[in-house]
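An overview of the molecular structure
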Amino acid sequence: MLSIKDLLAQATEKLQKANIKDARHNATLLLMDLLNCNKAYLLAHNKDILSSEIAEHYQRFIERRSKGEPPQYILGYQEFYGRKFTVNPNVLIPRPETELMIELVIKLVKELNILQPKILDVGTGSGSIAITLACELPLSQITAIDISPRALKVAHENASKHQVIDRINWVYSDLVKELSSTEEFHFCCANLPYISPSEKNDLAKEVRDYEPELALFAPEEGLALTKKLFNDVVPLIYSGGYLICEIGFGQEKALLESVNLESWQIEETLKDLQGIARTIVLRRK
Ligand SMILES: C[S@@+](CC[C@H](N)C(=O)[O-])C[C@H]1O[C@@H](n2cnc3c(N)ncnc32)[C@H](O)[C@@H]1O
């Protein structure tokens, strides 16, 4: 029978030995979730003895984490723009930098006074972009695409949880191939795979061994899918509408050079909190 303090110490040591970064933080996070409590509670109750059932559950979590599994897959969720999204190894874990795209769309909808924004999310994964925009912009009409049926299943689950399932048109498609050419949108958001397959071995174990390859890698040094979207989405965007794409480190120049300036005006590139060029913004001429 171990106290909270001893369990945490044991878990931290196991994670340290397995070379998990921020071992103590990881051990604490997993226990807080299991007990549904905060750090202050853990400190105040550090002499409490947990039931053997909870202690064993926690040790199984720590075992998984020690092998490199991301905490989000162990716990089954990730927060994005203040909401909880279910995640599993069929979907990418939503990243905070993708919130840049959300903030921009909300700002533009207000500035341009678009009453019923029509928004396309290509490569929806867990549905984080489509669902967040549906929640934040209650009059929006959203279409969300993915090439992975398993990802679409997770996105559906998240949309039900956030009560926007009926507001989103779900499409199983390779990029925008299955969309009717008569449809038009004010915004297309895309966080498509952008890692070069040659960088696979440089990725953190958490990413390389657990997140879906379909969500990570794209040919042509990671540029192929985003470049293809630049062309394929042209007929689907209203004149004056926007294409907003998340990109990888160092990809801005090559991508902007590939933009067809007859169709698009290059508006700006947003930087993430680390100062990395992260989100390309194009406007349809
Ligand atoms: C990087 S993840 C982004 C997921 C989510 N939008 C987010 O920001 O967390 C890319 C997603 O694109 C999907 N995808 C990959 N290739 C695709 C294609 N050719 N057409 C449509 N979706 C694709 C993957 O299945 C994956 O769900």
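Since the structure is predicted, the reported quantities are computational estimates derived from the model, not experimental observations. (Residues numbered from 1 in each chain as written. Predicted model: local features only at pLDDT ≥ 70, side-chain atom pairs only at ≥ 80, totals over all residues. Heavy atoms only, no water.)

Concerning the nonpolar core
For clarity, the cut-off: Among buried residues, the Ala, Val, Leu, Ile, Met, Phe, Trp, Tyr and Cys ones that are joined through side-chain atoms within 4.5 Å form a nonpolar core. In this scheme, a residue with accessible area under 20% of its type's maximum is buried, one over 50% is exposed, and one in between is partly exposed, where area comes from a 1.4 Å probe on protein chains only. By the criteria applied, helices consist of DSSP H or I runs no shorter than four residues and strands consist of E runs no shorter than two, each listed in order from the N terminus. Here a residue-residue contact requires only that any non-hydrogen atoms of the pair lie within 4.5 Å.
In this structure, V105, I119, L133, I168, W170, F187 and I244 are the most contacted members of the largest nonpolar core, which totals 32 residues. Of all the secondary structure elements, the ones that give two or more residues to this core are α6 (99-111), α7 (128-136), β4 (141-146), α8 (149-161), β5 (168-172), β6 (185-190) and β7 (237-246). Top contributing element to this core by residue count: α6, with eight residues. Setting aside residues no more than four positions away along its own chain, I168 makes contact with A130, I131, A134, I142 and A144. One finds V122, V171, L223 and C245 within the second-largest nonpolar core, a separate group that totals 27 residues.

A word on the site of the ligand
Put simply, the rule is: Being near a molecule or strand, for a residue, means having at least one of its heavy atoms within 4 Å of it. Any pair of N or O atoms that falls within 3.5 Å is considered a polar contact. Within protein, one atom must be able to donate a hydrogen and the other to accept it, and sequence-neighbouring residues count only if both atoms are side-chain atoms. Method for areas: the Shrake-Rupley scheme with a 1.4 Å probe, in which residue coverage is limited to the protein chains shown.
The full set close to the ligand counts 19 residues, and G123, D146, D174, L175 and N191 are the nearest of them. In this structure, an oxygen atom belonging to the ligand sits 3.5 Å away from a main-chain N or O atom of G125. In this structure, D174 approaches the ligand through a side-chain N or O atom, which is 2.8 Å from a nitrogen atom. Coverage of the ligand by the protein chains reaches 96% of its 600 Å² of free accessible surface. Elements that contribute at least two residues to the shell around the ligand include exactly α7 and α10 (213-216).

Notes on the packing of α6 against α7
The relative placement of two packed helices comes down to the angle between their axes together with the axis-to-axis distance. For clarity, the threshold we go by: Fitting a line to C-alpha atoms yields each axis, with helices limited to the stretch in contact; the angle taken between N-to-C directions then spans 0 to 180 degrees. Crossing handedness is defined as follows: a turn of the near helix away from the far one that is anticlockwise and smaller than a right angle gives a left-handed crossing, while the clockwise case is right-handed. Under this grouping Gly is polar, as are all residues other than the nonpolar Ala, Val, Leu, Ile, Met, Phe, Trp, Tyr, Cys and Pro and the charged Asp, Glu, Lys and Arg.
Direction vectors running N to C along α6 and α7 enclose 35 degrees, while the axes themselves pass 10 Å from each other. α6 and α7 meet at a crossing whose hand is right-handed. In this structure, α6 uses M101, I102, V105 and I106 to contact α7, whose residues at the interface are I129, T132, L133 and E136. Residues of the contact of α6 with α7, tallied by class, amount to six nonpolar, one polar and one charged.

Some points on the state of the cysteines
How we decide: Two cysteine sulfurs form a disulfide in these notes if their separation is within 2.5 Å.
In the structure shown here, the tally under the stated rule is zero disulfides. C135 takes part in no disulfide bond, and the closest cysteine sulfur, belonging to C189, lies 14 Å away.

Looking at the domain arrangement of the chain
Condition: Residue ranges assigned to the domains are those given by an automatic or database domain assignment. The buried area of a pairing is the accessible area, by a 1.4 Å probe, that goes missing from both parts when the two are put together, added over both. Every case where a carboxyl oxygen of Asp or Glu lies within 4 Å of a side-chain nitrogen of Lys or Arg is listed as a salt bridge.
The domain architecture assigned to the chain consists of domain 1 (4-67) and domain 2 (77-284). Taken over C-alpha atoms, the centre of domain 1 sits 35 Å from the centre of domain 2. The interface is formed by four residues belonging to domain 1 together with four residues belonging to domain 2. Carbon and sulfur atoms make up 27% of the surface buried where domain 1 meets domain 2, a total of about 290 Å² over both sides. On inspection of domain 1 and its partner domain 2, the count reaches one salt bridge. For the pair domain 1 and domain 2, the interface holds three residue pairs in polar contact (both at pLDDT 80 or more).

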